[in-house]
Amino acid sequence: MDECIFCKIVEGKIPASVVYEGETVLAFEDIQPTAPVHVILVPKRHVGSMMDMGDGQRELAADIMEAAVKVARLKGVDETGFRLVINCGPDGGQLVGHLHMHLLGGRKLTDGMG
Ligand code: AMP
Ligand code: ZN
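Reading guide: rules and limits
- Each residue is numbered by its place in its chain's sequence as written, counting from 1.
- All chains are assigned letters beginning with A, and all ligands numbers beginning with 1, in the order in which they are written.
- Local features are withheld for residues below a pLDDT of 70 in this predicted model, meaning they are given only at 70 or higher, and side-chain atom pairs are given and counted only at 80 or more; totals for whole chains, interfaces and linings count all residues.
- Derived side-chain values reflect all non-hydrogen atoms in the structure, with water molecules and hydrogen atoms excluded from consideration.
- In these notes, a set of buried Ala, Val, Leu, Ile, Met, Phe, Trp, Tyr and Cys residues joined through side-chain atoms within 4.5 Å is what counts as a nonpolar core.
- Only protein chains enter the calculation, and the probe is 1.4 Å; a residue is then buried if its accessible area is under 20% of its type maximum, exposed if over 50%, and partly exposed in between.
- Elements are defined by DSSP. Helices are runs of H or I of four residues or more, strands are runs of E of two residues or more, and each kind is numbered from the N terminus.
- We call two residues in contact whenever any of their non-hydrogen atoms come within 4.5 Å of each other.
- A donor here means an N, O or S atom no more than 2.8 Å from the metal, or no more than 3.2 Å when the metal is Na, K or Ca. Since water is not included, a site may seem to lack partners.
- In these descriptions, tetrahedral denotes four donors with every angle between 85 and 135 degrees, square planar four donors and octahedral six donors with opposite donors over 155 degrees apart and the rest between 65 and 115, and irregular any other case.
- Here a residue counts as near a molecule or strand whenever at least one of its heavy atoms sits within 4 Å of it.
- We define a polar contact as two N or O atoms separated by no more than 3.5 Å, with the added condition that, inside protein, one atom must be a possible hydrogen donor and the other a possible acceptor, whereas residues neighbouring each other in sequence contribute only through side-chain atom pairs.
- Residue-level accessible areas treat just the shown protein chains as cover; the underlying method is Shrake-Rupley with a 1.4 Å probe.
- Here the rule is simple: two strands pair whenever DSSP picks up at least two bridges between them.
- All axes are obtained by fitting lines to C-alpha atoms, using only the stretch in contact for helices, and the reported angles, taken between N-to-C directions, cover 0 to 180 degrees.
- For this analysis, a ring pair means two rings from Phe, Tyr or Trp (six-membered ring only for Trp) whose centres lie within 6.5 Å, classed as stacked if their planes differ by under 30 degrees, edge-to-face if by over 60, and tilted for the remaining angles.

### Things to note about the nonpolar core
The biggest cluster of nonpolar side chains holds 18 residues, and the ones touching the most others in it are Ala27, Val39, Leu41, Ile64, Val71 and Leu103. Listed by contribution, the elements that provide at least two residues to this core are strand S2 (25-29), strand S3 (37-43), helix H2 (58-74) and strand S5 (101-105). The leading source of residues in this core is H2, at six residues. Sequence-distant contacts of Val71, defined by excluding residues within four places in its chain, comprise Val19, Tyr20, Ala27, Val39, Leu41 and Leu103.

### Some words on the coordination of the zinc ion (ligand 2)
Binding of the zinc ion (ligand 2) to the protein goes through Cys4 (SG), Cys7 (SG), His46 (ND1) and His98 (ND1), at separations of 2.1 to 2.3 Å. The site at the zinc ion (ligand 2) holds four donor atoms, and with the angles between them running 104 to 117°, its shape is tetrahedral. In primary sequence terms, the donor set of the zinc ion (ligand 2) follows C-x2-C-x38-H-x51-H. Of the two residues, Cys4 is situated in the segment before helix H1 (5-10) and His46 in the loop between S3 and H2; the sequence distance between them amounts to 42 residues. In this structure His46 comes out as partly exposed when scored by relative accessible area, which is 25%.

### Structural notes on the site of ligand 1
If you check the shell around ligand 1, you find 15 residues, and the closest are Asp30, Gly93, Leu95, His100 and His102. Residue Val96 places a main-chain N or O atom 3.0 Å away from an oxygen atom belonging to ligand 1. Measuring from an oxygen atom of ligand 1, one finds a side-chain N or O atom of His102 at 2.8 Å. Protein chains bury 86% of the 500 Å² of accessible surface belonging to ligand 1 in isolation.

### Section: the sheet that holds strand S1 (residues 18-21)
Overall, antiparallel pairing links the five strands, which are arranged S1-S2-S3-S5-S4 in an open sheet. Pairing within the sheet leaves two strands with one partner each, and these edge strands are S1 and strand S4 (82-85). Across this sheet, the average inter-strand angle for adjacent strands is 20°, counted without regard to direction. Set on the sheet, H2 makes contact with S1, S2, S3, S4 and S5; between it and S3 the angle comes to about 155°.

### Looking at the pairing of S1
Taken together, the three bridges between S1 and S2 define a ladder with antiparallel strand orientation. Bridge pairing in S2 links Val18 to Phe28.

### Quick word on the packing of aromatic side chains
Two measures describe an aromatic ring pair: the distance that separates the ring centres and the angle between the ring planes. Going through the model one piece at a time under the given rule, you end up with one aromatic pair. Seen in terms of ring centroids, Phe6 and Phe28 are 5.3 Å apart; in terms of plane orientation they differ by 70°. Their pairing is edge-to-face. Highlighted residues: Phe6 in helix H1 and Phe28 in strand S2, separated in sequence by 22 residues. Phe28 gets classed as buried once you look at its relative accessible area, which sits at 3%.

In structure tokens form, the structure reads like this:
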């Protein structure tokens, strides 16, 4: 996708601080972190949102979850804990139209779920 910022990061066209790279998933530091640990995990091929994770996407969904576990270990929050968030669509607060999962940790997160 030409105008997709996360596709550009995957392609190396704009810089990012990469935390983990697998065959299908890339993880990088959020540019505006809201917690001491704030990593964004994306599928390397463009998927617009959670609503595009239809039939036949199970492997990719599992890859993202497995990558999150690896990132949690790499960032040292595997023992202290963390939160995984996927925003979807306008009401979900999705600002970037390329499916992504936030991994948040490094402090006690509030109970607020929106
Ligand atoms: P969301 O509201 O779920 O779409 O979140 C988008 C996230 O992407 C925000 O937390 C942004 O800070 C983050 N973000 C946007 N542009 C970049 C970028 N170039 N590099 C890293 N993170 C970014
Ligand atoms: Zn994209």
